[in-house]
Structures are given as structure tokens and as C-alpha cells.
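# What the coordinates show
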Amino acid sequence: LKEAANERARRNPGGERGGRTRTMAQAVPNRVADYFLVTGLPNDELRPLYERRRMSGITGTYFKPVIIDRFPAEEHKDVALPPGIEMFCFPNGIRLTDRAELPLCHYFVSTIANGTKLYGCVLRFSDPI
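Since we're looking at a predicted model, the values are computed, not measured.

Right, let's talk about the overall build of the chain for a bit. Along the chain, the regular secondary structure elements total 5 helices and 6 strands. Helices (α) and strands (β) of the chain occur, in sequence order from the N terminus, as α-α-β-α-α-β-β-α-β-β-β. In the chain, which comprises 129 residues, the share counted as buried stands at 26%. Restricting the contact set of the chain to residue pairs at least 6 apart, pairs at least 24 apart contribute 61%. A total accessible area of about 10,100 Å² is found for the chain, and carbon and sulfur atoms account for 54% of it.

Right, here's the structure in full:
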């Protein structure tokens, strides 16, 4: 595909409408994924909940997810990580449970302010407390 796009650009440098033609190498970033995120409850919040789980009946309580880790650590110049993206991973919040649940996979598309679409794939799983 890249070679075919480059050949078309060589043959028609002005493009079909007289504008500039972008080659595939210019249009598609050279990476498989923009970001890899780990979202959930941070250990400093989870540890006290784990220690008092039997006393207070906290299972079934919902918590707001946060980004625990990410790769790369810095923003890409062409695609910024939108604020609140962790809510796409847990749209209803994080629910603590005392039994294992099957992993769940879902997808989303987020349109950033400049019109760029950010596609996401979420693999969500839970460990019982």
C-alpha cells in the first residue's frame, strides 16, 4: 500500500484537485498503538479497603477509576491522550467484588477536539478482594 501511494504521488504531485497529495508514510503514524493504559484503583486506595473488607461490607460499592500506568509516559505530538479516557474503560465506575468475574472486552471511539478519532480496545478483568 505504501509503495502504491508513493507511486500515485509521484505521477500526480498536485493531486486530483490540484492540492497536495499525502503519501501513506505521511498519513499513517509508524506505530501499532498510540497508548497502552492500565486503569483501576491505585494500591494506596485499595490496601485500606482490602484490610477492612469484612467489617464494612464494601463490596458492591463503586469507585472512580484512575490511570495507574501508561506507555509511553509522554504525550505523542500528533495524538494527545484526552482527559477522562479512563472512564471509557469503566463507564459505570469500579465495583469491588468478593468473587471472580469473567473478563470482558469492549471497544470505543473518542473524537478529540481537533476531529482526530482515538480508537480503544478494553480488556477488563477483576480480582476478588
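Before going further, it helps to spend a moment on the pattern of salt bridges. All chains considered together, the criterion is met by 4 salt bridges. Linking Arg70 and Glu75 is a salt bridge whose minimum nitrogen-to-oxygen distance equals 3.3 Å. We classify Glu75 as partly exposed; its relative accessible area is 38%. The partner of Arg95 in a salt bridge is Glu101, with the nearest N and O atoms 2.6 Å apart. Assessed through its relative accessible area of 34%, Arg95 is described here as partly exposed. Linked through salt bridges whose partners overlap, the residues forming this network are Arg31, Asp34 and Asp78.

This part covers the nonpolar core. Residues Leu41, Val79, Ile85, Leu96 and Leu118 are the most contacted members of the largest nonpolar core, which totals 15 residues. Non-local contacts of Leu118, meaning those with residues more than four positions away in its chain, are made with Asp34, Val79, Pro82, Ile85, Phe108, Val109, Ser110 and Ile112.

Counted according to the given criterion, the structure contains 1 aromatic pair. Relative to Phe108, the ring of Phe88 lies with its centre 4.7 Å away and its plane at 25°, an arrangement referred to as stacked. Taken as a pair, Phe88 in helix H5 (residues 86–89) and Phe108 in strand E5 (residues 104–111) lie far apart in primary sequence, 20 residues in all. By relative accessible area, Phe108 is classed as buried at 14%.

When you line up the elements, Val109 lands in strand E5. Each C-alpha atom of the pair Val109 and Tyr119 lies 4.5 Å from the other, and the pair is 10 residues apart in sequence. In this view, Val109 contacts Lys117, Leu118 and Tyr119; residues no more than four positions away in its chain are not counted.

Residue Pro72 is reached from Phe71 by a cis peptide bond, and omega for that bond is -5°. Mapped onto the elements of the fold, Pro72 is located in the loop between strand E3 (66–71) and H5.

A few words on the confidence of the model for the chain. With 69% of its residues at a pLDDT of 70 or more, the chain has an overall mean of 77. No element of the chain has a lower mean pLDDT than helix H2 (residues 24–27), which averages 52, and none a higher one than E3, which averages 95. Predicted confidence is poor over residues 14–22, with pLDDT under 50, and the contacts of this stretch with residues over four places away or in other chains come to 10 contacts.

Analysis parameters
Residues numbered from 1 in each chain as written. Predicted model: local features only at pLDDT ≥ 70, side-chain atom pairs only at ≥ 80, totals over all residues. Heavy atoms only, no water. Helix = DSSP H or I, 4+ residues; strand = E, 2+ residues; numbered from the N terminus. Buried < 20%, exposed > 50% of the residue type's maximum accessible area, 1.4 Å probe, protein only. Contact = heavy atoms within 4.5 Å. Areas by Shrake-Rupley, 256 points an atom, 1.4 Å probe, with all protein chains shown as cover. Salt bridge = Lys/Arg side-chain N within 4 Å of Asp/Glu carboxyl O. Core = buried A, V, L, I, M, F, W, Y, C linked by side-chain atoms within 4.5 Å. Phe/Tyr/Trp six-rings, centres within 6.5 Å; stacked < 30°, edge-to-face > 60°. pLDDT = per-residue confidence, 0-100.

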